[in-house]
Amino acid sequence: MKIERNGYTLYIIELDGRGRSAERRAVDTLVRTAFGNRELCHRQNGAPYIAGVESHISVSHGGGKAILAVSAGPIGIDIEAPRPQLERVRDKFMRPEDDSASLLHAWTAKEATFKAAACDGLTIHDISLSADKAIVPDGRSFIIEYLPSDTALIAVATPQERAEVG
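What counts, and at which threshold
- Residues numbered from 1 in each chain as written.
- Predicted model: local features only at pLDDT ≥ 70, side-chain atom pairs only at ≥ 80, totals over all residues.
- Heavy atoms only, no water.
- Helix = DSSP H or I, 4+ residues; strand = E, 2+ residues; numbered from the N terminus.
- Rg over C-alpha atoms; globule rule 2.2 N^0.38 Å.
- Buried < 20%, exposed > 50% of the residue type's maximum accessible area, 1.4 Å probe, protein only.
- Contact = heavy atoms within 4.5 Å.
- Areas by Shrake-Rupley, 256 points an atom, 1.4 Å probe, with all protein chains shown as cover.
- Pairing = 2+ DSSP bridges.
- Axes fitted to C-alpha atoms, helices over the stretch in contact; angles between N-to-C directions.
- Polar contact = N/O pair within 3.5 Å; in protein donor to acceptor, adjacent residues only side chain to side chain.

A.B. asks: I would appreciate a short explanation of the overall build of the protein chain in the present structure.
C.D. replies: Scanning the protein chain from terminus to terminus reveals five helices and eleven strands. Relative to its length of 166 residues, the protein chain is compact, with a C-alpha radius of gyration of 15 Å against a globular reference of 15 Å. If you line up the protein chain on its principal axes, its C-alpha atoms span 45 × 35 × 30 Å. Looking at the protein chain as a whole, 43% of its 166 residues are labelled buried. Long-range pairs, those at least 24 residues apart, make up 45% of the contacts in the protein chain with a sequence separation of at least 6. Of the roughly 8,900 Å² that the protein chain leaves accessible, carbon and sulfur atoms contribute 49%.

Now the structure itself:
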């Protein structure tokens, strides 16, 4: 499935099994769909990129799906199915001032922002949330867009300046 939004494109596919090998196969399929015969690479910090392509990408998998986000500028994506573990680890990622509809919304927003911010030393807990906006310690703001799927919640983070221009 391909979803074109204002300033970015999402590619989504169902996993054909469980585990890392199914996730890798799905991401490889998404990369071929979006970029043809290009290679998915990873920077030293683990961030994905496509060799020979200037587009920014972000990858996530969860809820039986894999998703690839493609944009001309920084972008972060997260897809997560509801799970009880979020309640157990809430203090590791929630701040007292965070404003979010649910722990699932907060987790996906912070994960997506973490990827879009691409900031050395940043932790999920460092990111503060206010409605549909996330702010990292260096002052940059990111617009968060939530997209529901049948099995999970998707969050997309884009820099506020870019989101306002588009």
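Read on, since the account is not over.
A.B. asks: Can you help me understand the sheet that holds strand S10 (residues 141-148) in this one?
C.D. replies: Sheet architecture is open: five strands sit in the order S7-S11-S10-S9-S8, paired in antiparallel fashion. Whereas interior strands pair on both sides, the edge strands pair on one side only; in this sheet they are strand S7 (76-80) and strand S8 (128-130). Adjacent strand axes in the sheet meet at a mean angle of 25° when their direction is disregarded. Examined bridge by bridge, strand S9 (residues 133-135) and S10 share three bridges and lie antiparallel to one another. Directly across from Lys133, in S10, lies its bridge partner Ile143. Relative to the sheet, helix H4 (residues 103-117) contacts S7, S8, S9, S10 and strand S11 (153-159), its axis offset from that of S7 by approximately 150°.

A.B. asks: Help me out: how do you make sense of the sheet that holds strand S1 (residues 2-5) in this one?
C.D. replies: Note on sheets: strands pair through backbone hydrogen bonds, and any given pair is parallel or antiparallel. Ordered in space as S1-S2-S6-S5, the four strands form an open sheet in which the pairing is antiparallel. Since the sheet does not close on itself, it has two edges, and those belong to S1 and strand S5 (56-62), each with one partner. Neighbouring strand axes in the sheet, compared pairwise and without regard to direction, differ in orientation by 15° on average.

A.B. asks: Looking at this structure, how should I read the side chain of Ser58?
C.D. replies: On the secondary structure map, Ser58 appears in strand S5. Judged by relative accessible area, which is 3%, Ser58 ranks as buried. Of the polar contacts made by the side chain of Ser58, one reaches the backbone nitrogen of Ile77; its length is 3.0 Å. Excluding residues that lie within four positions of it along the chain, Ser58 makes contacts with Pro48, Ile67, Leu68, Ala69, Ile75, Gly76, Ile77 and Lys115.

A.B. asks: For this particular structure, what's the right way to read the pairing of S7?
C.D. replies: When a strand is regular, its side chains alternate between the sheet's two faces. In terms of burial, S7 is largely enclosed, as five of its five residues are buried. Alternating residues of S7 divide into Gly76, Asp78 and Glu80 and Ile77 and Ile79, and every residue in both groups is buried. As judged from the five bridges shared by S7 and S11, these two strands associate in the antiparallel manner. Looking at the pairing, Asp78 lines up with Ala155 of S11.

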